[in-house]
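Below are the chains, spelled out letter by letter.
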Amino acid sequence: MNRTISQAARASFVLTSALLFTIAFSGCSKKEAEAKKEGEETVFAVNVSKVGQGNLDEYLEFGGDVSSSSSVSVMPDMAGKISRILVSVGDSVAKNQVIAYVDASTPGMYYSQSPVRSPISGIVTSFTPNVGSQVSPAMAVATVSQTDNLEIKISVAERFVSRIKMDQNAFISFNAYPGVEFTAKVVEISPVLDTSTRTMNAKLRLSPNDDRIHVGMYGRVKLITDSVNNAIVVPLGAIVQRDGKPYIFVVSSQKTESEPARVKLQSVSEGITVDNKTEITNGISAGDMIVVKGQSLLNDGSAVNIVSVSE
């Protein structure tokens, strides 16, 4: 009997202790939650950037080979053997200048040597035969090119045809000169498309000409299709989408040193985007501080800790 009462008392004591602990823990947790709710706030670490103005050039990219504006094959007037060669590849020649002689003589028949003349002024870019080689009027012995005006031919896909116009500017780069860009303009556009490739041919002329560029070099062309000057430009990653619309978080100034900075969710209008930079046509101004990293968790009015500032 006494043993039964003792066990009942012990069980009652354990139950009472557990209940008191639960009440005490709940009271502490409630107090901590209320304290957190009243005094604590999540502050997000962000990187910000000062909005500036700049120029944006929208472009299309192509590839093409450098060629001379005029290139002519030189033909002899008579069949025979090359008896003399007066020029070398790379030499400058004038129109009607003699560059070689052909001997049309055969056994028992002797002729005066026939001069081979350049039909245009330019640079000798090739000379195929050697002395003693047999040639004919249907065979080109040399090529003379005018390299004062170098050109690049490009093929434009049908979907881009509407964006190509005369006198458009372009920047051209070559593997031989890393980091250097040369300028050119569109000087010719074909009125028809190739039905097999669905492309349109266009021709650009280097301006000004540059002695570093040679016929046959391969160039990468950036053809400027749209330009915006003094645009409000921001990194593409600074723009967030909310409900399918573009926004940017703008940092407001701190009221006091003890209070964190806050952000405003600002609606913006986008213009053109070039190389991960976007034109903003409405919503922010030059000089505004905007969040460029860490904005994915932010909301309008969020407190932020500015980790770094970039121009």
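Keep in mind the model is a prediction, meaning the values are calculated, not measured.

Colleague: Go over the overall build of the protein, please, and point to the residues and values.
Modeller: Counting secondary structure elements, the protein contains one helix and 20 strands. Per-residue burial over the protein gives 31% buried out of 311 residues. Taking as baseline every contact in the protein between residues at least 6 positions apart, the subset at least 24 positions apart corresponds to 70%. In the form shown here, the protein has an accessible surface area of approximately 19100 Å², with 50% of it arising from carbon and sulfur atoms.

Colleague: Residue-level account of the environment of Ile164, with values.
Modeller: Secondary-structure assignment places Ile164 in the loop between strand S9 (142–157) and strand S10 (169–174). C-alpha separation for the pair Ile164 and Ala202, spaced 38 residues apart in sequence, amounts to 8.7 Å. In this structure, Ile164 is in contact with Leu60, Phe62, Val156, Ile189, Met200 and Leu223, ignoring residues within four places of it in sequence.

Colleague: Tell me about the packing of aromatic side chains, and name the residues and values.
Modeller: Geometry of an aromatic ring pair is reported as the spacing of the ring centres plus the angle between the planes. Summed over all chains, the structure comprises two aromatic pairs. Ring plane angle 65° and centroid distance 5.6 Å describe the contact between Phe174 and Phe182, whose orientation is recorded as edge-to-face. Exposure class is identical for Phe174 and Phe182. Each is buried. The interplanar angle of 70° and the centroid separation of 6.0 Å between the aromatic rings of Tyr177 and Phe182 together place this pair among those described as edge-to-face. Given the relative accessible area of 7%, Phe182 is considered buried. Among the aromatic side chains, those forming a connected cluster through ring pairs are Phe174, Tyr177 and Phe182. The cationic tip of Arg212 hangs over the ring face of Tyr177; the distance from NZ or CZ to the ring centre is 5.5 Å.

Colleague: Describe in detail the sheet that holds strand S5 (residues 98–103), supporting the description with residues and values.
Modeller: Sheet strands associate in pairs through backbone hydrogen bonding, adopting either a parallel or an antiparallel arrangement. One open sheet accounts for four strands, arranged S6-S5-S3-S8; its pairing is antiparallel. Looking at strand neighbours, the two that pair on one side only are strand S6 (114–117) and strand S8 (134–135), the edges of this open sheet. Of the strand pairs in this sheet, strand S3 (residues 80–85) and S8 are connected by two bridges, and their pairing is antiparallel. Residue pairing across strands places Lys81 opposite Gln134, the latter belonging to S8.

Colleague: I'd like to hear about the pattern of salt bridges, residue by residue, with values.
Modeller: According to the stated counting rule, one finds six salt bridges in the structure shown. A salt bridge links Glu188 to Lys203; the nearest nitrogen and oxygen atoms lie 3.6 Å apart. With Glu188 in strand S11 (residues 182–194) and Lys203 in strand S12 (residues 199–206), the pair connects residues that are 15 residues apart, well separated along the chain. When its relative accessible area of 14% is taken as the criterion, Lys203 is described as buried.

Colleague: An account of the nonpolar core is needed here, citing residue identities and associated values.
Modeller: Phe62, Ile154, Phe174, Leu204, Ile213 and Val221 are the most contacted members of the largest nonpolar core, which has 22 residues in total. Secondary structure elements with two or more residues in this core: strand S2 (52–74), S9, S10, S11, S12 and strand S13 (218–235). Other than its neighbours up to four places away in sequence, Ile154 contacts Phe62, Gly63, Met200, Asn201, Ala202, Leu204 and Val221. Counting 15 residues, the second-largest nonpolar core is a separate cluster that includes Val93, Ile99, Val116 and Ala142.

Colleague: Could you give me a rundown of the environment of Val215, with the residues and numbers involved?
Modeller: Inspection of the secondary structure puts Val215 in the loop between S12 and S13. For Val215, a relative accessible area of 42% translates into the label partly exposed. Note: C-alpha distance between Val215 and Ser145 (70 residues apart in sequence) is 9.3 Å. Beyond its immediate sequence surroundings of up to four residues, Val215 is in contact with Val66, Ser67, Ser68, Thr147 and Leu150.

Colleague: Describe the pairing of S11, listing the residues and the values that go with them.
Modeller: In this structure, S10 lies alongside S11, joined through four bridges in antiparallel fashion. Along S11, the bridge assignment pairs Ile172 with Phe182. Between the antiparallel neighbours S11 and S12 lie four residues, among them Arg198 with a positive phi of about 55°.

Colleague: Please give an account of the side chain of Glu151 that cites residues and values.
Modeller: With respect to the element layout, Glu151 can be found in strand S9. Overall, the relative accessible area of 2% leaves Glu151 in the buried class. A distance of 2.6 Å separates polar atoms of two side chains, one belonging to Glu151 and the other to Arg205. Excluding its chain neighbours within four sequence positions, the residues that come into contact with Glu151 are Asp65, Val66, Ser67, Ser68, Ser69, Lys203, Leu204 and Arg205.

Conventions we followed
- Residues numbered from 1 in each chain as written.
- Predicted model: local features only at pLDDT ≥ 70, side-chain atom pairs only at ≥ 80, totals over all residues.
- Heavy atoms only, no water.
- Helix = DSSP H or I, 4+ residues; strand = E, 2+ residues; numbered from the N terminus.
- Buried < 20%, exposed > 50% of the residue type's maximum accessible area, 1.4 Å probe, protein only.
- Contact = heavy atoms within 4.5 Å.
- Areas by Shrake-Rupley, 256 points an atom, 1.4 Å probe, with all protein chains shown as cover.
- Phe/Tyr/Trp six-rings, centres within 6.5 Å; stacked < 30°, edge-to-face > 60°.
- Lys NZ or Arg CZ within 6 Å of the ring centre and 35° of its normal.
- Pairing = 2+ DSSP bridges.
- Salt bridge = Lys/Arg side-chain N within 4 Å of Asp/Glu carboxyl O.
- Core = buried A, V, L, I, M, F, W, Y, C linked by side-chain atoms within 4.5 Å.
- Polar contact = N/O pair within 3.5 Å; in protein donor to acceptor, adjacent residues only side chain to side chain.

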